[in-house]
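# An overview of the molecular structure
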Amino acid sequence: VKNGQGWEEGFLSYLRSLPPGRLETGWDVARSGHLSSFWINLAGRDGKKRLVALILMDNCPFAMQRYIIQAVMDCRPGSVGAGDATGLGNDSNETLKAKYRDHWEPVMFNGKTKSELGSLGRTSFGDGTQRLPDFTFNHAGEFKNAAASTKFIATDLYSIQCTPTGDAADKRLALSET
């Protein structure tokens with residue numbers, strides 16, 4: 001979605017057509033200069049989570065971002081989400097928390113939170129509870145270049161580094177700035 005244009009309501013049909021499971025979403029808030037991202041996992045009954053969609057928003061008004069998030073959250077009962085409530089995302093996350101109550105969690109990002117999320121991410125990819133999609137085809141069945149579309153994931157995973165913080169049992173992951 002760029003400059004508030006490009007969102008298609010038909011996308012919700014795709015989410016409704018997915019196998020049974022709960023949608024678990026996350027929102028990294030941005031407006032301009034960086035992309036805002038809204039990822040959507042499907043949590044299956046087997047305990048595995050699968051990334052089923054990633055919506056990137058460039059210079060998209062916050063009202064439009066909230067509209068998209070609410071449309072996704074409302075399309076399947078029991079959906080849950082969390083969002084970056086630091087800085088720009090504070091007001092929008094307060095609005096989402098008021099609407100979804102226990103189904104939406106505002107997150108204040110700081111060094112400790114980022115380390116904890118990195119640790120959870122690294123663990124979930126390592127034990128297979130978080131699965132990446134097959135990027136060879138999009139939701140409309142159109143062929144995509146899998147190698148080019150998955151490069152950003154490898155780059156992000158590479159930036160997560162293990163940093164011991166005490167004894168061997170107490171390890172946290174730190175995000176590399178490189």
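None of these values were measured; they are calculated from a predicted model.

About the thresholds
Residues numbered from 1 in each chain as written. Predicted model: local features only at pLDDT ≥ 70, side-chain atom pairs only at ≥ 80, totals over all residues. Heavy atoms only, no water. Helix = DSSP H or I, 4+ residues; strand = E, 2+ residues; numbered from the N terminus. Buried < 20%, exposed > 50% of the residue type's maximum accessible area, 1.4 Å probe, protein only. Contact = heavy atoms within 4.5 Å. Areas by Shrake-Rupley, 256 points an atom, 1.4 Å probe, with all protein chains shown as cover. Salt bridge = Lys/Arg side-chain N within 4 Å of Asp/Glu carboxyl O. Expected span 1.5 Å × (residues − 1). Pairing = 2+ DSSP bridges. pLDDT = per-residue confidence, 0-100.

Let's shift gears to the overall build of the chain. When helices and strands are counted, the chain shows 5 helices and 8 strands. Secondary structure elements in the chain, listed N-terminal to C-terminal, are α-β-β-β-α-β-α-β-α-β-α-β-β. Taken across its 178 residues, the chain has 35% of its residues classed as buried. Put simply, 52% of the contacts in the chain that link residues at least 6 apart link residues at least 24 apart. With an accessible surface of roughly 10,600 Å², the chain has 55% of that area assigned to carbon and sulfur atoms.

Summed over the entire model, instances satisfying the criterion amount to 4 salt bridges. Close ionic contact of Lys2 with Asp58 constitutes a salt bridge, the shortest N to O distance being 2.6 Å. Highlighted residues: Lys2 in the segment before helix H1 (11-16) and Asp58 in the loop between strand S3 (49-57) and helix H2 (62-75), separated in sequence by 56 residues. On the accessibility criterion, Asp58 (23% relative accessible area) is partly exposed. Of the charged contacts, one joins Glu24 and Arg22 as a salt bridge, the two residues approaching to 2.6 Å between their closest N and O atoms. On the basis of relative accessibility, which here comes to 38%, the residue Arg22 falls in the partly exposed class.

A few words now on H2. Here H2 contains 14 residues, and its C-alpha end-to-end distance of 20 Å stays within 8% of the 20 Å for a straight helix at 1.5 Å per residue. Where H2 is concerned, the buried positions are Phe62, Met64, Gln65, Arg66, Ile68, Ile69, Ala71, Val72, Met73 and Cys75.

In terms of residue burial, strand S2 (residues 36-43) counts as a mostly covered element, since 7 of its 8 residues are buried. Inspection of the sheet shows strand S1 (residues 22-28) paired to S2 by 7 bridges, in the antiparallel sense. Looking at the pairing, Asp28 lines up with Ser37 of S2. Here S2 runs beside S3; their pairing, made up of 8 bridges, is antiparallel.

Moving on to the confidence of the model for the chain. Confidence in the prediction of the chain, expressed as mean pLDDT, is 78, and 67% of residues score 70 or more. In the predicted structure, residues 168-178 sits below a pLDDT of 50 and forms 29 contacts with residues beyond four places in sequence or in another chain.

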